[in-house]
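Per-entry structural report
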Amino acid sequence: MNTHAISIKETTNPSIIKFETNQFITQHDSFEFNNIDEASSSPLAQQLFYLPFVKKVYISSNFIAIEKFNIVEWKDVQNEVADQIGSFLNSGDLIVKVSEEKKKTPVTVYAESTPNPSVLKFVANKKLVTTTHEFTSIDDTKYAPMAAELFHFPFVKSIFIDENFISITKFDVAEWSEITIELREFIRNYVEDGKTIIAPNAPETKSKQDDQLDSEYESRDDISKEIINILEEYVKPAVASDGGNIEFQSYDPVEKKVKVLLQGACSGCPSSTFTLKSGIENMLKEMMKGKVEIVEAING
């Protein structure tokens, strides 16, 4: 059984804390409970209502949000609540009993072009995964049933899935004008039906959980940390909007070389070399004078 890792997230409302997990706990559904009687369908929510400070429980795709009464401060109890939620989830007990007659959750999916003419980005109004996943063939999809089904389309070459979008690379045998609607409808129906995108027992990929990222970050040297911060603030948002991802891999202080991994629409893009050289490389050379001379994509 995969272990649920819980991260504590503050919200704009000081009375409400989110407890995020690294796996999905509902099939894109959301549930709100105002008291223990309303929570009869959720053993987890019922258990939480036994805590005297719990006012409201909200369960969504990959988090539990709790609103408290003002008799305690979150800083005094949040770690214990996180441990209790983690223990419940890892026990494998039922989280929410969903009625068989429950209607499908409406899902919107739209297609968006990318700088790579071979890649189209399909964006959903629902969170799809909690970590990034890339598949270059059907052999990679043992734990990814949605990707496996997408590879049954003969024109699908590779697949990249991030939080709320799927970037699909096609073979040249088809034009986007011929296949976009078919792919969009497949993705929309798949998500609406609540089917599994990534199996709960999938091997760990590069996790976005804060504690793991913080641990990796703190083990880096100071120059690598500075590079990571620049990539996160200035590069990643633009790359994600184009249907891709960039990950820092290493820094060589002797050659003053930065190595990165390109994923999704950025991988194999005709303009990726230009982007690396005229964009990312120039940015790092300017912002880190004398420390960076070369940026290289390990899969470029």
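The present account deals with the structure reproduced in this document. (Residues numbered from 1 in each chain as written. Predicted model: local features only at pLDDT ≥ 70, side-chain atom pairs only at ≥ 80, totals over all residues. Heavy atoms only, no water.)

This model, assessed by the stated rule, comprises seven aromatic pairs. Pairing Phe-186 with Tyr-190 gives two aromatic rings, centres 5.8 Å apart and planes at 45°, and the pair type is tilted. Here the residue Phe-186 and the residue Tyr-190 both occupy positions in helix 4 (residues 176-192), the gap between them amounting to four residues, near one helical turn. Just as Phe-186 is buried, Tyr-190 falls in that class too. Over the aromatic face of Phe-63 sits the side chain of Lys-18, whose NZ or CZ is 4.3 Å from the ring centroid. (Phe/Tyr/Trp six-rings, centres within 6.5 Å; stacked < 30°, edge-to-face > 60°. Helix = DSSP H or I, 4+ residues; strand = E, 2+ residues; numbered from the N terminus. Buried < 20%, exposed > 50% of the residue type's maximum accessible area, 1.4 Å probe, protein only. Lys NZ or Arg CZ within 6 Å of the ring centre and 35° of its normal.)

Take the nonpolar core next. Ile-159, Ile-168, Leu-183 and Ile-187 are the most contacted members of the largest nonpolar core, which totals 29 residues. The set of elements that each furnish at least two residues to this core consists of strand 7 (119-124), helix 3 (145-150), strand 9 (156-162), strand 10 (165-170) and helix 4. Sort the elements by how many residues they give to this core and helix 4 lands first, with seven residues. Dropping the residues within four chain positions of it, Ile-159 is found in contact with His-133, Glu-134, Phe-135, Ala-147, Leu-150, Phe-151, Ile-166 and Ser-167. In terms of nonpolar packing, the next biggest core, distinct from the first, is built from 27 residues, Phe-19, Leu-44, Val-57 and Phe-88 among them. (Core = buried A, V, L, I, M, F, W, Y, C linked by side-chain atoms within 4.5 Å. Contact = heavy atoms within 4.5 Å.)

With that out of the way, let us pick up the sheet that holds strand 1 (residues 6-10). Each strand in a sheet pairs with its neighbour through backbone hydrogen bonds, running either in the same direction (parallel) or in the opposite one (antiparallel). Read from one edge of the open sheet, five strands run 1-2-5-4-3, paired in antiparallel fashion. The sheet is open, and its two edges are formed by strand 1 and strand 3 (31-33), each paired on a single side. When the angles between neighbouring strand axes are averaged without regard to direction, this sheet yields 20°. Bridging between strand 2 (residues 16-21) and strand 5 (residues 63-68) involves five bridges; their strand directions are antiparallel. When the sheet's bridge partners are listed, Ile-16 is paired in strand 5 with Glu-67. In the packing of helix 2 (residues 74-91) onto the sheet, contacts are made with strand 1, strand 2 and strand 5, and the angle to strand 2 comes to roughly 35°. (Pairing = 2+ DSSP bridges. Axes fitted to C-alpha atoms, helices over the stretch in contact; angles between N-to-C directions.)

Spatial relationships are all this shows, so hold off on functional conclusions.
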